[in-house]
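Residues per chain are reported as follows:
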Amino acid sequence: MRIIVLIKQVPEMDRVKFDSEKGVIDRKSAGVEINPFDLNALETAVQIKEQVGGEIIALSMGPPRAEKTLREAVARGADRGILLSDGKFAGADTRATSFTLARAIEKAAPFDLVIAGEMTVDGDTAQVGPQTAEYLDIPHVAYVTDLEEASDSSLTVTCNIWEGSYRKRMHLPGLITVTKDINFPRLPELKNKMKSREVEICRWDFSTFSDNLSPEQTGLKGSPTQVKKITIPPPIERKGQVFSPEETDEALAAIEKICREKRVSGGQS
Ligand SMILES: Cc1cc2nc3c(=O)[nH]c(=O)nc-3n(C[C@H](O)[C@H](O)[C@H](O)COP(=O)(O)OP(=O)(O)OC[C@H]3O[C@@H](n4cnc5c(N)ncnc54)[C@H](O)[C@@H]3O)c2cc1C
């Protein structure tokens, strides 16, 4: 089976700072890492390859430094990596991102399965996987939490949407997006780490797509979304009040008052 895994490089979110004046993430304020959900996508691909054989291609759109991310993907089990990098791809919203990724997947064809993370920790839209499937005109299942069966022609999976759990069978080629519940990503093996240092990461720029992509369809030009303003919500402040064991009545009265104010209950005692 030929599997393409979508990998995005994201800032380390526990360190990154926001420029609230400009309303953007200050990407230079922190290091970068593979989007955590994409590690689950890669692990899913590795498990399928172990069952049915095949090849795993890691695909990313990003700046030249995203090559490091693809090398890490190889260290974690991908066979090779393709980086889409060009000034004409910069400033892409989810639509332009998905459209460009879909055209790249067509270039990398044939493929049987595309796997993406359910969402990213920086953009957080969860749109790119399903949109990419639409642009490829293939079926998709989003929010996959369990992989039951994989063959060269179909997948049987469970996905969780809201309160519902659905068991679905999908004919291939198709696309799935996976949640963190699907697996525990394994650590890189030594032999793969060595391979990742030497493997050639293919770099595809805009000229690679002269036959199937126009400048109006990519990057900022191909992005109908406009971010007007980003605001950081104020931190939620929690206050505590301590009562002694002798003050049970006062404690109950205080809880009842809060419940009534917050409309948690009708305030009946
Ligand atoms: C007007 C505008 C301008 C923007 N400019 C920039 C910019 O200059 N630089 C920038 O970094 N971001 C920019 N963004 C953010 C960018 O649009 C999103 O980061 C990107 O489209 C992916 O969306 P997401 O992060 O919500 O992905 P989600 O839909 O949450 O991601 C789901 C999955 O899709 C896959 N995926 C997502 N993005 C990629 C990718 N690039 N390559 C491979 N797989 C991927 C991964 O598997 C991921 O787990 C801009 C957004 C807007 C609206």
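Heads up: the structure comes first, above all this text.
Notes on the structure follow. (Residues numbered from 1 in each chain as written. Predicted model: local features only at pLDDT ≥ 70, side-chain atom pairs only at ≥ 80, totals over all residues. Heavy atoms only, no water.)

### Examining helix α4 (residues 128-136)
Then, in step 1: Listing the buried residues of α4 in full gives Gly129, Pro130, Thr132, Ala133 and Leu136. Mapping the buried residues of α4 onto a view down its axis gives an arc of 160°, with all of them on the same face. (Buried < 20%, exposed > 50% of the residue type's maximum accessible area, 1.4 Å probe, protein only. Helix = DSSP H or I, 4+ residues; strand = E, 2+ residues; numbered from the N terminus. Arc of directions from axis to C-beta.)

### Structural notes on the site of the ligand
Then, in step 1: Around the ligand sit 28 residues, and of these Lys8, Asp38, Ala92, Thr120 and Thr125 come closest.
Then, in step 2: Between Met61 and the ligand, the recorded distance is 2.9 Å, taken from a backbone N or O atom to a nitrogen atom.
Then, in step 3: Ala126 is positioned with one of its backbone polar atoms (N or O) 2.8 Å from an oxygen atom of the ligand.
Then, in step 4: Breaking the shell around the ligand down by element, the ones donating at least two residues are β6 (55-61), α3 (94-108) and β8 (113-117).
Then, in step 5: Classifying every residue of the shell around the ligand by side-chain character gives 11 nonpolar, 11 polar and 6 charged. (Near = heavy atom within 4 Å. Polar contact = N/O pair within 3.5 Å; in protein donor to acceptor, adjacent residues only side chain to side chain. Nonpolar A, V, L, I, M, F, W, Y, C, P; charged D, E, K, R; others polar.)

### Points about the packing of aromatic side chains
Then, in step 1: By the definition in use, this model includes 4 aromatic pairs.
Then, in step 2: Summarising the aromatic geometry, the rings of Phe89 and Phe209 are spaced 6.1 Å apart at their centres and angled 75° between planes, so their arrangement reads as edge-to-face. Highlighted residues: Phe89 in the loop between β7 (80-84) and α3 and Phe209 in the loop between β13 (202-204) and α6 (248-262), separated in sequence by 120 residues.
Then, in step 3: Pairing Phe99 with Tyr135 gives two aromatic rings, centres 4.9 Å apart and planes at 85°, and the pair type is edge-to-face. Taken together, the residues Phe99 in helix α3 and Tyr135 in helix α4 connect sequence positions 36 residues apart.
Then, in step 4: Residue Phe99 is classed as buried on the basis of its relative accessible area of 15%.
Then, in step 5: You can call Tyr135 partly exposed: its relative accessible area is 27%.
Then, in step 6: What links up through ring pairs into an aromatic cluster is the set Phe89, Trp204, Phe206 and Phe209.
Then, in step 7: One residue, Arg103, lies across the ring of Phe99, its end atom 4.6 Å from the ring centre.
Then, in step 8: Against the face of Tyr166 rests Lys168, its NZ or CZ located 5.6 Å from the ring centre. (Phe/Tyr/Trp six-rings, centres within 6.5 Å; stacked < 30°, edge-to-face > 60°. Lys NZ or Arg CZ within 6 Å of the ring centre and 35° of its normal.)

All we've got here are geometric facts, nothing functional implied.
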